[in-house]
Amino acid sequence: MKTNKKSLAVILGSVSAAAALMVITPKFEGTVQKTYKDIGGVLSYCTGATEDAQWGKTYTPAECKKQLDYDLARHAEGMLGCIHVELTEGQKIAFTDFTFNAGVSAFCSSTMARKANVGDVMGSWAALTMWDKVNGRPVRGLTLRRAEERKICEGHK
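Bear in mind that the values here come from a model prediction, so they are computed numbers and not experimental data.

Draft legend 1. Up close: the state of the cysteines. Following the criterion strictly, the structure yields 2 disulfides and no others. A sulfur-sulfur distance of 2.2 Å marks the disulfide that ties Cys46 to Cys64. On the sign convention where negative is left-handed, the bridge of Cys46 and Cys64, at about -70° about the S-S bond, is left-handed. Highlighted residues: Cys46 in strand S2 (residues 43-46) and Cys64 in helix H3 (residues 61-81), separated in sequence by 18 residues. Disulfide pairing is shown between Cys82 and Cys108; the S-S distance is 2.2 Å. Since a negative S-S torsion denotes a left-handed disulfide, the Cys82-Cys108 link at about -85° is left-handed. Of this pair, Cys82 sits in the loop between H3 and helix H4 (89-102) while Cys108 is found in helix H5 (residues 104-108), placing the two residues 26 residues apart along the sequence. Note on Cys82: relative accessible area 14%, which makes it buried. Accessibility expressed as a relative area gives 32% for Cys108, which makes it partly exposed. Taken N- to C-terminal, the disulfide-bonded cysteines of the protein chain are connected 1-2, 3-4. Considering cysteine sulfurs only, Cys82 is the nearest to Cys153, which forms no disulfide, with 14 Å between them.

In structure tokens:
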């Protein structure tokens, strides 16, 4: 497990945004203390971590929390690296959770990032809901997650 040079709160510029992510991300990811294959077949562990996953390994709750802190911080940093405008707190929370789930490259090449970068705040929120599929098929859990992320955007202006 790696450690962050900067905390999630420092990266996002908000303790409340970091705290919100420590609730929403585990809510949708779940936490499993052993390696497993996620719905897309990706080897994962703890709260959706994939980096350096080793089949058959077991993790402690403390290791899982530390990994989540690290993963959220690096995904927030990656997400912010391709945004060139000021985001609302809600966008920071929702876009970091999305980026954690789909990856930095998926976020940076997405319609939501493009719309955010041209100042189309509401369009960026709406674009979240397009990302509810795995292998082209809608997944109820992703539909619910994207709906909650959008509510977060709308509720934290």
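Draft legend 2. Geometry of the packing of aromatic side chains. Applying the stated rule across the entire model yields 4 aromatic pairs. Note on Tyr45 and Tyr59: the rings are 4.4 Å apart at their centroids and 15° apart in plane angle, and the pair reads as stacked. Residue Tyr45 is located in strand S2, and its partner Tyr59 is located in the loop between S2 and H3; the two are separated by 14 residues in the primary sequence. In this structure Tyr45 comes out as buried when scored by relative accessible area, which is 3%. Judged by relative accessible area, Tyr59 falls into the buried class, the value being 4%. Summarising the aromatic geometry, the rings of Phe95 and Phe107 are spaced 5.3 Å apart at their centres and angled 45° between planes, so their arrangement reads as tilted. Taken together, the positions of Phe95 in helix H4 and Phe107 in helix H5 put the pair 12 residues apart, joining distant regions of the chain. This pair shows no difference in class: Phe95 is buried, exactly as Phe107 is. An aromatic cluster of three or more residues is present, and its members are Phe95, Phe98, Phe107 and Trp131.

Calculation criteria
Residues numbered from 1 in each chain as written. Predicted model: local features only at pLDDT ≥ 70, side-chain atom pairs only at ≥ 80, totals over all residues. Heavy atoms only, no water. Disulfide = S-S within 2.5 Å. Helix = DSSP H or I, 4+ residues; strand = E, 2+ residues; numbered from the N terminus. Buried < 20%, exposed > 50% of the residue type's maximum accessible area, 1.4 Å probe, protein only. Phe/Tyr/Trp six-rings, centres within 6.5 Å; stacked < 30°, edge-to-face > 60°.

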